[in-house]
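So the chains spell out like this:
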Amino acid sequence: AFGQPHFPTSAELRDCASHSVATVFVTTTAVCCIARRTTASSYAYDAVWTVVCIWLVTLFRSVSHYARHHSPNFAAFTYGTAMNLEVVAFVWDALLMLRRLDVWRPAGIGFGAKRLVSVMGICFQCKVLMSALYRDLLKRKEHAAWNPGDVFTWYMYLGICMMFTVIWIVYISQVIVVFAEFVILLSREARCVHGAARAETLWARRMLSYEIIACMAVGTTVTLKWATYVFYKWQIYTSGAALEAFHEFSHVDHEIDLFGTAICTAMLSGILWQPAEPHVDEISTSKTHGENMRRYDRGGSIGTQLSLTGNGRAVWQNKVEELAGRGVRLHALLDFWETLAGGNVEAMPHFDPLRSTTNDVVRQAIIPISRNEGTAIGGRALAAVWSKGENVFATHMVTHTWSSLFLHLIAGIIADAFGAQYYMEVADILLRGPEDISKLRTALRERGLLEEAYWVCAFSVNQHAGICAGFGQAPVGHESPEHLQWDANRRDTVTQELFRVCDCGESKFFNDQPERCEINKFDAMMQHLCSSVQGFTHVVVVDAAFALFSRAWCIAEIVCSSECDMPKRIMVHSAEMLDQHYDILSTIDVRECRAARVEDKDMILESIRDVEMFNTQLQLAIFGTKGLFSRWIDGQDRAAMIGRIVVRARSCRCKASVSSSVSTRLSSVRHNTYPTSEESSDTGDSVAS
């Protein structure tokens, strides 16, 4: 059927071997990509099809090579199909690269990559279309029948190939140069930060190094393939034949290029390779969970409990157990939000979700609603009112600041229930109105989350046994920052009017009666729930300004969960907000937290075993490093993470540069020295800003 048998030469056997090896390798890569189960990712989906397309190219090339002596027409058809598929694979792979470059655009990539890729795609397709003319040109050349038009066509054919080669070199070189600049920037940043910020910076530098290696590998093979191709065709044009070595090298290099492109696409897309999370040295300790609990027992409220007498300890423990039973279910929080946002709370009709803080809501909504009805004296925790006195043991303890928006507190809790990383989207839903809130409630119900219980001090503490009747002693000095803050805390954020105090008549308990006080037992209550409720976690809802990490008692709760090995989740408003505060968070230090009493701050810091390690672990939770890299991510998501880290580093360096130039200017003014005209033009804008 295929005519006379053909006995291959040694050169043809070597070509067969190269085709066979490449086909086996690319087939293995394609099978692994298809078999690999990944999450729903359009980027990974496109990468799989790119690898499959490259596999079809190698397959058709091999078939064409094996059939060229037995069935030339079939071989020509399969070879033409392979060339067209190679154009599709190249464009598809280039588009994947562009999708990664697009998310790096804020980091400074903007050299017209899309235009270069478009021109290369056109050149590649023109080369494929002209390959049909190439065979006719060779036949006419063998019979010395070339005309001037054939010479022009030949030169245009080689010119297109050379244009592609030059543009490819420019394109890949620019990508490598930009990546190298990023690596240098991240290396400098790594020397200026510590903890989780440094770990993330080093991780981004390592990922960019892998990108550079991949770009250099693919860039070299593609450049060699096209350069060899141009030289090979030029030899045929000038001498009528090419060196056999160049012929073999062009085939081998082509197969290497196909396999290299397939494996790099599969690896960088995240299908066959997932990067390890940033490395942070863990503290070497042999302490068990119980030993950590005992270590924490020496300070905090547990230390206060140990200093009490027998009856005092019993009263203390009863109050801890009472507090532990005041969880709030999500459906109650949603009901309260709808009532508040709808203006249906009599004492707070002016509620503004974009301005009203948790402090405003506690003073004007929670305290009035939780007061005993009628002429009865006192009040209860709002959580106890909602549960009608029944114990609701929470599976999550919430740490938050009263100075943050109440909207953000509710959004952070609901976002945590959904397992989201940020709460901005939930906050947007809560702002839209009853219809969207109803959809949110339905989504929670379908996931079985409406009955999930959270412990929130604003709802779970009986405010009538503490703060309802006043605002604490005024700090000394009417113009001092402390007094201004105290005065702001007793005024409504929207109306600036003084809060009305409650005259419920409930007995108040503070540090003078520690066993009956409710606001000094949060860490003891956390430990009680952690030991009695399976799956208990600590949720930290961070305000948009990240002021929570400067509050000593918020830090105390985080210290407690860290020392007791409680699972902890830190809910942040958005990635953008995290990046805006990167320069502060990258050097966070709990020793700089503030407390109304110096002795409170000292007691909290003394309960930390290793302050530096605690800072590092706190950063890990803030930046989301542990959770972020524990899930599967595709190449585009990974590029977005790297881009964010690069932007943060660049922003931080720019701020440092501006600060340095301002300091130089001010120093010269103090010493009556002035910069030269050149220096003035350079630093004027910085000083102004």
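Data block above holds the structure.
Every residue gets a number counted from 1 within its own chain, in the order that chain's sequence is written. Given that the model is predicted, a residue must reach a pLDDT of at least 70 before its local features are reported, and side-chain atom pairs must reach 80 or more before they are shown or counted; all residues, however, enter totals for whole chains, interfaces and linings. The side-chain values count all of the structure's non-hydrogen atoms but skip hydrogen atoms and water molecules.

## As for the pairing of strand 3 (residues 453-456)
Of the two faces of strand 3, both are covered, the one formed by A453 and W455 as well as the one formed by Y454 and V456. We treat two strands as partners when DSSP finds at least two bridges between them. Put simply, DSSP marks the helices as runs of H or I at least four residues long and the strands as runs of E at least two long, and each gets a number from the N terminus on. Note that strand 1 (residues 328-329) and strand 3 share 2 bridges and pair antiparallel. Bridge pairing in strand 3 links R329 to A453. For strand 2 (residues 396-399) and strand 3, the ladder comprises 3 bridges, and the chain directions are parallel. Note on strand 3: the bridge partner recorded for V398 is V456. Categorising residues by exposure relies on relative accessible area from a 1.4 Å probe, with only protein chains included: less than 20% of the type maximum marks a residue as buried, more than 50% marks it as exposed, and the intermediate range marks it as partly exposed.

## Considerations on empty space enclosed by the protein
Two kinds of site are reported from a 1 Å grid over the protein atoms alone, namely cavities, where a 1.4 Å probe fits but cannot get out, and pockets, open sets with protein on both sides within 12 Å along at least five of seven lines, and residues are called lining when an atom falls within 4 Å of a point. Grid points are joined across faces, edges and corners, and a volume is the space filled by probe spheres set on the points. Applying the stated criterion across every chain yields a total of 4 cavities of 30 Å³ or more. Counting only elements with at least two residues in the lining of the largest cavity, the list comes to helix 2 (42-67), helix 3 (72-103), helix 4 (113-142), helix 5 (148-190), helix 6 (195-239) and helix 7 (244-268). With 8 residues, the top contributor of residues to the lining of the largest cavity is helix 3. Counted by class, the lining of the largest cavity contains 22 nonpolar, 3 polar and 5 charged residues. Residues are grouped as follows: Ala, Val, Leu, Ile, Met, Phe, Trp, Tyr, Cys and Pro are nonpolar; Asp, Glu, Lys and Arg are charged; all remaining types, including Gly, are polar.

## Re the pairing of strand 2
On strand 2, burial covers both faces: H396 and V398 on one face and M397 and T399 on the other are all buried. As judged from the 4 bridges shared by strand 2 and strand 4 (residues 537-541), these two strands associate in the parallel manner. Bridge assignment links M397 to a residue of strand 4, and that residue is H538.

## Observations concerning the side chain of T357
Note on placement: T357 falls in the loop between helix 11 (330-341) and helix 12 (358-370). On the basis of relative accessibility, which here comes to 10%, the residue T357 falls in the buried class. Sequence-distant contacts of T357, that is, excluding residues within four places in its chain, are made with W402, S403, S404, L405, F406 and T493. For this analysis, residues touch if any pair of their heavy atoms sits within 4.5 Å.

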